[in-house]
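# Topology and contacts: notes
What follows is the residue order along each chain.
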Amino acid sequence: MSLKTEARNTTKLALPIIFGELAQMVLHIIDTAMIGATGPDSYKQVAAAALALSVINIPFVLGIGITISVSQLVSMAKGRGDDKAISHYLYNGFWICAISAVLISLGIEGGQNILFHLGQDEEVARLALPFLRIMGISIVPMLLFMTLKQFTDGLEYTRTAMVLSLLALPINIFINWLLVFGNMGFPRMEMLGAAYGTLITRTLIFGVLAYVILTHRIYKPYIGLRKEQWSLNLQSIKELLRIGVPSSLQIGLEAGVFAVSGIIVGTMGGGGKQLAAHQIALQCASFTFMASMGLAQAGSIRVSNAFGQGSWAKISAIGKSTFLLALFYGIFCAILFMLFRNVLPELFLHNHSEGNAEVITIAANLLLLAGLFQIFDATQVISAGLLRGIKDVKFPTVLVFIAYWVLGLPMGYLLAGVFDMQASGIWLGFIIGLAFSSLSLTKRFLNKLKRHV
């Protein structure tokens with residue numbers, strides 16, 4: 001099988017996923033940029049939003065990991081030509097994810113006061129509290145949307161969710177314009193307005209996607225089986241959780257490192273300047289990561305389909321071609337970050353007050369490190385996705401734990417604190433952890449191929 005042909009097929013499937021993921025990331029970047037345009041000391045609100053998102057991100061991505069099991073099992077069932085199983089996994093997966101989403105949201109509401117026990121700047125923590133509460137509620141419609149998106153992605157119908165994600169951008173911008181800046185008679189809510197904008201937008205796109213799945217003819221073969229297949233089944237729930245829980249832990253371990261790193265950076269003083277710069281660099285890296293994530297999802301879906309067919313030759317061709325795509329993409333992003341490191345931070349902080357100017361300088365230095373970070377980040381997420389596609393999720397979770405919590409975070413903390421490198425030390429820790437993750441997961445996938453091809 002031609003690697004070039006498989007790369008083209010994976011890219012074709014990945015592009016709508018990538019655009020959809022990028023649109024979701026752009027929503028956060030829009031929020032940060034619009035919050036950053038609210039006044040001369042807007043970096044404090046940017047830092048507050050970063051703090052709230054750091055706390056939210058761990059439970060949120062744990063929920064995202066649970067949704068991944070839907071696309072994996074739907075894709076495998078499609079490979080076997082089993083429409084009944086597809087319908088069954090949709091129903092059981094939706095309820096697992098719905099319960100998870102509500103529990104996560106309630107947990108965030110109940111644990112909101114953690115913001116004041118993380119050694120953060122008191123004013124930043126106070127500003128972050130109402131933002132945290134609204135964003136915690138918005139997790140529910142977002143995880144429900146992602147569950148349905150995983151279902152459509154597993155069937156390789158990726159355009160609907162992409163279109164909705166893109167349409168969400170102008171809606172979110174308009175709501176932010178009304179609520180962040182207080183236009184057309186609405187109250188000026190600044191960062192809290194951005195949180196409400198996210199909640200409203202996420203609710204809308206979930207409702208529309210649910211309507212499309214229930215009514216569109218391409219989903220009729222699966223929705224039409226609801227009387228027969230829409231019942232909760234303990235065995236199916238266990239099967240979903242066997243993939244969902246390790247996937248959730250893998251993503252949660254990575255997200256947890258980034259969240260904890262944000263909290264560590266927030267304790268470094270400077271009135272939130274280091275944290276604001278860290279957040280800007282992280283949002284730039286997260287934006288480019290969405291393309292890697294889209295490739296990983298597409299590769300994982302196609303590998304799951306081939307795994308359902310029992311074709312290891314096809315798994316090999318899809319896996320190797322997807323990895324090469326990720327490697328070239330990571331190098332491309334690294335070059336862009338290094339070239340535009342002084343320009344990108346200015347997209348987030350428009351007012352060049354003394355405080356904002358200092359944040360821009362720090363962020364530019366962090367983006368140099370983020371460039372190298374891109375290469376390892378792209379290749380590790382691909383390898384993890386390919387392993388997930390062949391139902392290998394338990395031991396890779398151990399490798400991810402070692403990469404981030406044994407190597408990456410401790411090294412970052414050491415460099416940041418003991419060697420006084422501050423946020424730069426944290427980013428060097430990221431690079432160390434991601435390098436180990438990339439190399440170990442890639443080696444494991446290649447070893448799996450050797451045993452079967």
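Our structure's up above, just so we're on the same page.
Figured I'd write up the structure that's included with this text. (Residues numbered from 1 in each chain as written. Predicted model: local features only at pLDDT ≥ 70, side-chain atom pairs only at ≥ 80, totals over all residues. Heavy atoms only, no water.)

Counting its secondary structure elements, the protein chain contains 14 helices and zero strands. For the protein chain, the succession of helices and strands along the chain, N to C, is α-α-α-α-α-α-α-α-α-α-α-α-α-α. Referenced to the eigenvectors of the C-alpha coordinate spread, the extents of the protein chain come out at roughly 60 × 50 × 35 Å. The buried share among the 453 residues of the protein chain stands at 60%. As presented, the protein chain carries roughly 17,800 Å² of accessible surface, and 67% of it is formed by carbon and sulfur atoms. In the protein chain, 32 side chains carry a positive charge and 22 a negative one; their mean positions are 15 Å apart. (Helix = DSSP H or I, 4+ residues; strand = E, 2+ residues; numbered from the N terminus. Buried < 20%, exposed > 50% of the residue type's maximum accessible area, 1.4 Å probe, protein only. Areas by Shrake-Rupley, 256 points an atom, 1.4 Å probe, with all protein chains shown as cover. Lys, Arg positive; Asp, Glu negative; His and termini not counted. Charge placed at Lys NZ, Arg CZ, Asp CG, Glu CD.)

Before going further, it helps to spend a moment on unusual backbone geometry. Backbone geometry at Lys391 places phi at a positive 65 degrees, although glycine is not the residue there. Positionally, Lys391 belongs in the loop between α12 (354–389) and α13 (394–418). Note on Lys391: relative accessible area 40%, which makes it partly exposed. Even without glycine at this site, Gln422 takes up a positive phi of about 55 degrees.

Attention shifts here to helix α4 (residues 122–154). A rise of 1.5 Å per residue sets the reference length of α4, with its 33 residues, at 48 Å; its end C-alpha atoms lie 45 Å apart and thus fit the reference within 8%. Most of α4 sits out of view: 25 of its 33 residues are buried. Taken from the residues just after α4, Glu156 is the one with a positive phi, measuring 70 degrees. (Expected span 1.5 Å × (residues − 1).)

Take the pattern of salt bridges next. Inspection of the entire model under this criterion finds seven salt bridges. We note a salt bridge from Glu109 to Arg133, for which the minimum N-O separation is 2.7 Å. Note that Glu109 is positioned in helix α3 (residues 83–110) and Arg133 in helix α4, a separation of 24 residues in sequence. On the basis of relative accessibility, which here comes to 30%, the residue Glu109 falls in the partly exposed class. Shared partners join several salt bridges into a network, and the residues in it are Glu21, Lys149 and Asp153. (Salt bridge = Lys/Arg side-chain N within 4 Å of Asp/Glu carboxyl O.)

Attention now goes to the packing of aromatic side chains. All chains considered together, the criterion is met by 13 aromatic pairs. With a centroid separation of 6.0 Å and 40 degrees between ring planes, the pair formed by Phe151 and Tyr219 is classed as tilted. You can see Phe151 sitting in helix α4 and its partner Tyr219 sitting in the loop between α6 (191–215) and α7 (220–223), a full 68 residues away along the chain. Each member of the pair Phe151 and Tyr219 is classed as buried. For the ring pair Phe258 and Phe373, a centre distance of 6.0 Å and an interplane angle of 65 degrees mean the geometry is edge-to-face. Of this pair, Phe258 sits in helix α9 (residues 234–266) while Phe373 is found in helix α12, placing the two residues 115 residues apart along the sequence. Each member of the pair, Phe258 together with Phe373, is buried. Three or more aromatic residues link up through ring pairs in this structure, and these residues are Tyr91, Phe94, Trp95 and Trp230. (Phe/Tyr/Trp six-rings, centres within 6.5 Å; stacked < 30°, edge-to-face > 60°.)

Along the polypeptide, His278 turns up in helix α10 (residues 273–309). Residues contacting His278, with those up to four places away along its chain left out, are Phe258, Ser261, Gly262, Val265, Leu366, Ile426, Trp427 and Phe430. (Contact = heavy atoms within 4.5 Å.)

Take a positive patch on the surface next. On the surface, Arg80, Lys238, Arg242, Lys391 and Lys394 cluster together into a positively charged patch. Here Arg80 lies in helix α2 (residues 43–80). Taking the relative accessible area as the measure of exposure, Arg80 reaches 46% and is therefore partly exposed. (Patch = residues over 30% accessible without salt bridge, like charges linked within 9 Å, V, L, I, M, F, W, Y side chains within 5 Å.)

In this section: the environment of Gly193. As for its placement among the helices and strands, Gly193 is situated in helix α6. Judged by its relative accessible area of 0%, Gly193 is buried. In this structure Gly193 touches Asn176, Leu179 and Val180, once residues within four positions along its chain are discounted.

Turning our eyes to something else, we now look at a nonpolar patch on the surface. Side chains of Leu3, Leu324, Phe328, Ile331, Phe332, Ile335, Leu336, Leu339, Phe340 and Val343 sit close together on the surface and give an oily, nonpolar patch of about 920 Å² of accessible area. Looking at the nonpolar patch element by element, the count peaks at seven residues for helix α11 (residues 312–339). Tracing the sequence through the fold places Leu336 in helix α11. Classification of Leu336 as partly exposed rests on a relative accessible area of 31%.

Here α2 contains 38 residues, and its C-alpha end-to-end distance of 53 Å stays within 8% of the 56 Å for a straight helix at 1.5 Å per residue. Roughly 40 degrees is the biggest bend found in α2, and it falls at Asn57, with proline Pro59 one to four residues downstream. Within α2, 31 of the 38 residues are buried, which leaves the element mostly enclosed by the surrounding structure. A positive phi of about 75 degrees marks Gly81, the residue just after α2. (Bend = angle between axes of the 7 residues up to and from the residue.)

This next bit is on the environment of Ser69. Relative to the helices and strands, Ser69 resides in helix α2. On the accessibility criterion, Ser69 (2% relative accessible area) is buried. Taking the C-alpha atoms as reference points, Ser69 and Tyr219, separated by 150 residues in sequence, lie 19 Å from one another. In this view, Ser69 contacts Leu240, Ile243 and Gly244; residues no more than four positions away in its chain are not counted.

Another point: the packing of helix α1 (residues 3–35) against α4. α4 packs onto α1 with a crossing angle of 165 degrees between their chain directions and a minimal axis gap of 12 Å. The pairing of α1 with α4 is recorded here as roughly antiparallel in orientation. In the crossing of α1 with α4, the sense of the turn from one axis to the other is right-handed. Listed contacts from α4 to Ile17, Glu21, Gln24, His28 and Ile35 of α1 are Phe131, Met135, Met142, Phe145, Lys149 and Asp153. (Axes fitted to C-alpha atoms, helices over the stretch in contact; angles between N-to-C directions. Parallel < 35°, antiparallel > 145°, perpendicular 65-115°, else oblique. Left-handed = near helix turned anticlockwise from the far one by under 90°.)

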